[in-house]
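Below, each chain spelled out in residue letters.
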Number of protein chains: 2
Amino acid sequence: MSFVNLDHISANPLLPEVRRAMIAAIEHGYHNPSSQHRLGEEAAAALENARGEVAQLIHAEDPREIVFTSGGTESVNHAIKGVALANADRGRHIVTTNIEHNAVIRSLRRLKSQGFTVTSLSVDETGRVDPQAVAAAITPETILVSVMHANNETGTLQPIAEIAALCRERRVLFHTDAVDSVGVVPFDVREIGADLVSFAANAFYGPPGVGGLYVRRGVKIFPLLDGGVQEHNKRAGTENLIGILGMGAAAALARRDLPARMAHLSRLKEQFLRGLAESIDEVIVNTHPVHSLPHLVSASIRYVEGESVMLMLDDEGFGVSTRSACATGSLRASHVLLSLGLSHADAQGTILVSFGVENTAEEVHRFLGALAKVVATLRGISPLCRKSAS
Amino acid sequence: MSFVNLDHISANPLLPEVRRAMIAAIEHGYHNPSSQHRLGEEAAAALENARGEVAQLIHAEDPREIVFTSGGTESVNHAIKGVALANADRGRHIVTTNIEHNAVIRSLRRLKSQGFTVTSLSVDETGRVDPQAVAAAITPETILVSVMHANNETGTLQPIAEIAALCRERRVLFHTDAVDSVGVVPFDVREIGADLVSFAANAFYGPPGVGGLYVRRGVKIFPLLDGGVQEHNKRAGTENLIGILGMGAAAALARRDLPARMAHLSRLKEQFLRGLAESIDEVIVNTHPVHSLPHLVSASIRYVEGESVMLMLDDEGFGVSTRSACATGSLRASHVLLSLGLSHADAQGTILVSFGVENTAEEVHRFLGALAKVVATLRGISPLCRKSAS
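Residues numbered from 1 in each chain as written. Chains lettered and ligands numbered in written order. Predicted model: local features only at pLDDT ≥ 70, side-chain atom pairs only at ≥ 80, totals over all residues.

### Brief notes about the pairing of strand 10 (residues 296–301) of chain B
Residue and element names in this part refer to chain B.
Now for step 1: The element strand 10 is largely enclosed, with a buried count of six among its six residues.
Now for step 2: Along strand 10, one buried face is formed by L296, S298 and S300 and the opposite face, lined by V297, A299 and I301, is buried too.
Now for step 3: Relative to strand 10, strand 9 (residues 283–285) is paired through three bridges, and the arrangement is antiparallel. Bridge pairing in strand 10 places V285 opposite A299.
Now for step 4: Both strand 10 and strand 12 (residues 350–354) contribute to a ladder of five bridges, which runs antiparallel. (Buried ≥ 20, exposed ≤ 12 C-beta atoms within 10 Å, placed from the backbone. Helix = DSSP H or I, 4+ residues; strand = E, 2+ residues; numbered from the N terminus. Pairing = 2+ DSSP bridges.)

Dropping the structure here:
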């Protein structure tokens, strides 16, 4: 029996058209886009075509506002450190939230060791930030606000357009880590009004290790990678052209297929949430019922250990995640789940189920059966469960 | 007639085996190596296999000393900024040379704006650094010496083993930018004794936009990309696994084929140098006659403009470079050539010819004819040439 990927938040498969675009790029054998002879010009044209596709996906005014990166983490590091260091003469205070990805948290921690101060805001019990709290946290020293769009552990969407507007009024730059939302839900950077947006190709079935940073024209930012003049002088280094052409192809497909994908994924999510409620008791759903990604559910199943659930589901032929794949290796309970007000014990029982375009209702049905079985087995041997039942 | 790439310093073609490895990776559809279910484990195994191949190429003791990056530029930025910031409590002085790549120069410039001081050493008229000059430049405040291995504009190799030994005696970390030499000439990191080595896959016919940083065990360094715990906690971000698997395949081939490649390339280089001396007068060869890469020749052709030579050769079906491809966009004369003592005028007449494994003696023969014709034409209309002849 084939293994079913229900861990799309960690990795989406490449769509057939993306594979074909990358294989064509490999077989074509592009030269260096910076070379001035005809081979270089041809490579540069391919690069700029991909940039145009990506710009259209997020409705950027000018393709030159797109910087290709090695993925979401580089985009976030570039945005936060690049803006902080370039604007330190205006102030050294940054506002963020308690539920950001480690790329944001650790970039900010690095800046703190260099004399910046950071205000990190709580979210309410539904996992959302209050835009007024952001406004209240801004001081005359504030140079940047960074609030993620979709949380990678709960799928909950933040009110970034409101936050962006508040920042604009106060002349503070606004960055959003939209790594798990661009290409997954509609994203119009001009409508939102963000100054910087981090995103990644794999979220929309492009290759892993390729991403983008939107930098609104006029934003003062230093490169994270210093060296040559690639990427309109914003990011040095010979381009990963094969990956970038894959990202361009994926962006074009995402633009075309977004409504159909969202409809399909939402149906699977609804089916799973309904089935979960019917088949397992004492479950806390951490994903916002309305403001959330169409394909991800975070559920804390009481009296079990998420790690054990994941491993037993693996044996049953299903891949799920227990926390951000990027945080694997850490044994602490997820900071995101604790921020929601979950207890340590409940946080440890959390699984992340994330669907992809290739998943089917039949797979979700089978998965619900496997999950109920696994949870029943684990609860049968759980001292926590026995204690609670006594 | 097909176009002949004589600009391999800007881009090497992917070898058939590398293409096949990357296409296989694309078609296989790997999951995220950080995921803990079986799909993640399979991806992690493929990643670690590639790391082993790369470690063997440079004779690293432990594969965990290899950090995969998005290319030579990221490796250099990571090495220099990561070591400087992690060791700033011990001192804030760095020693380098006047002929480094812009990735080194501009990383150091960034550090200078953060309070570090840099001593940049001259090279002799053959383009080599004197190890004793490095030793003399080291102060009690010095935390890092960064000297490139092969210069990307002349191909001249630096005495890095001697420099590494001097640094080790003085307990100063030594980084070498070996982006244009690893996989091109033998490179044994333990024999050389470097603490940090930057390199890139495309130098040995792997994909562009993929590189490595060797960090000797025990070296104190901060990540450049903060976030998740990938790459043994040295470089956050989901891996470009397709590119990394291409790099692994390219590393294995380079290890096997290095002697044959070097013999072939040296023959082409000799043929070109001989033919150049016979067919064009008033040429300065900037490449060291002995200590240099086997495939690159920098020649300053007096009374012509390198840009014009390059463009006319393009029409004749040959791609060459006039300066580092990474520096395209800058109109200033190359800092490397000026460091050799060339005049501005002579530096402007410089072309870089770099051969690849697929080039043939017949192509070099045709190229020599085309170059002589182009130079004769340009000199015929050159005011500089007329003045000199008058």
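### Digging into the sheet that holds strand 3 (residues 93–97) of chain B
Residues and elements named next belong to chain B.
Now for step 1: The seven strands are arranged 2-8-7-6-5-3-4 in an open sheet whose pairing can be described as mixed. Across the chains shown, the open sheet's two edge strands, defined by having one partner strand only, are strand 2 (66–69) and strand 4 (117–121). Shown here is a sheet whose adjacent strand axes are inclined to one another by a mean of 20°, direction ignored.
Now for step 2: Pairing geometry for strand 7 (residues 196–200) and strand 8 (residues 211–215), over five bridges, is antiparallel. Following the sheet pairing, L196 is matched in strand 8 by V215. (Axes fitted to C-alpha atoms, helices over the stretch in contact; angles between N-to-C directions.)

### Quick word on the relation of the copies chain B and chain A
Now for step 1: Of the transformation superimposing chain B on chain A, the axial component is 0.0 Å and the angular component is 180°, with the fit at an RMSD of 0.0 Å. Such a combination of turn and shift is consistent with a two-fold rotation axis. (Least-squares fit on C-alpha atoms with pLDDT ≥ 70 in both.)

### Comments concerning the sheet that holds strand 12 (residues 350–354) of chain A
Residues and elements named next belong to chain A.
Now for step 1: The sheet built from three strands is open, its strands ordered 9-10-12 with antiparallel pairing. Two strands close off the open sheet at either side, each with one partner strand: strand 9 (283–285) and strand 12. Neighbour-to-neighbour, the strand axes of the sheet open up by a mean angle of 25°, direction not taken into account.

### A look at unusual backbone geometry
Most peptide bonds take the trans form, and the phi angle of most residues other than glycine is negative.
Residues and elements named next belong to chain B.
Now for step 1: One non-glycine residue, R171, lies in the positive phi region at around 60°.
Now for step 2: Within the secondary structure, R171 is located in the loop between helix 6 (160–169) and strand 6 (173–177).
Now for step 3: By C-beta crowding, R171 is classed as exposed, having 10 other C-beta atoms within 10 Å.
Now for step 4: Backbone geometry places H232, a non-glycine residue, at a positive phi of 50°.

### As for the environment of B:L368
All names here are of chain B.
Now for step 1: Take L368: it is sitting in helix 13 (residues 361–381).
Now for step 2: Take L368: there are 18 C-beta atoms within 10 Å of it, and that puts it in the partly exposed class.
Now for step 3: Taking the C-alpha atoms as reference, L368 lies 6.6 Å from G275; in sequence the two are 93 residues apart.
Now for step 4: Residues contacting L368, with those up to four places away along its chain left out, are F272, G275, L276 and S279. (Contact = placed C-beta atoms within 7 Å.)

### Some points on the nonpolar core
Now for step 1: A:A250 and B:A250 are the most contacted members of the largest nonpolar core, which has 237 residues in total.
Now for step 2: When residues no more than four places from it in sequence are discounted, the contact partners of B:A250 are B:L15, B:V18, B:A201, B:F204, B:Y205 and B:G206. (Core = buried A, V, L, I, M, F, W, Y, C linked by C-beta atoms within 7 Å.)

### Considering the packing of helix 9 (residues 241–279) of chain A against helix 13 (residues 361–381) of chain A
Residue and element names in this part refer to chain A.
Now for step 1: Following both chains from N to C, one finds helix 9 and helix 13 inclined at 25°, their axes separated by 10 Å at the closest point. Regarding the angle of helix 9 to helix 13, the classification is roughly parallel. Handedness of the crossing formed by helix 9 with helix 13: right-handed. Note on element contacts: helix 13 touches helix 9 through A361, V364, L368 and A372, opposite L268, Q271, F272, G275, L276 and S279.
Now for step 2: Class assignment of the residues belonging to the contact of helix 9 with helix 13 gives a composition of seven nonpolar, three polar and no charged. (Parallel < 35°, antiparallel > 145°, perpendicular 65-115°, else oblique. Left-handed = near helix turned anticlockwise from the far one by under 90°. Nonpolar A, V, L, I, M, F, W, Y, C, P; charged D, E, K, R; others polar.)

### Concerning the confidence of the model for chain A
Low pLDDT means the predicted atomic positions in that stretch should not be read closely.
All names here are of chain A.
Now for step 1: Chain-level statistics for chain A give a pLDDT mean of 94 and a share of 96% at 70 or above.
Now for step 2: Low pLDDT, under 50, characterises residues 324–328; the stretch is placed with 15 contacts to residues that sit more than four places away or in other chains.
Now for step 3: Listed scores for the predicted complex are pTM 0.96 and ipTM 0.95. (pLDDT = per-residue confidence, 0-100.)

### Observations regarding the environment of A:H93
Residues and elements named next belong to chain A.
Now for step 1: Within the secondary structure layout, H93 lies in strand 3 (residues 93–97).
Now for step 2: In this structure H93 comes out as partly exposed when scored by C-beta crowding, with 19 C-beta atoms within 10 Å.
Now for step 3: Considering only alpha carbons, one finds H93 and K112, 19 residues apart in sequence, at a separation of 9.4 Å.
Now for step 4: With residues up to four places along the chain from it excluded, the contact list for H93 reads T117, T139, E141, T142 and I143.

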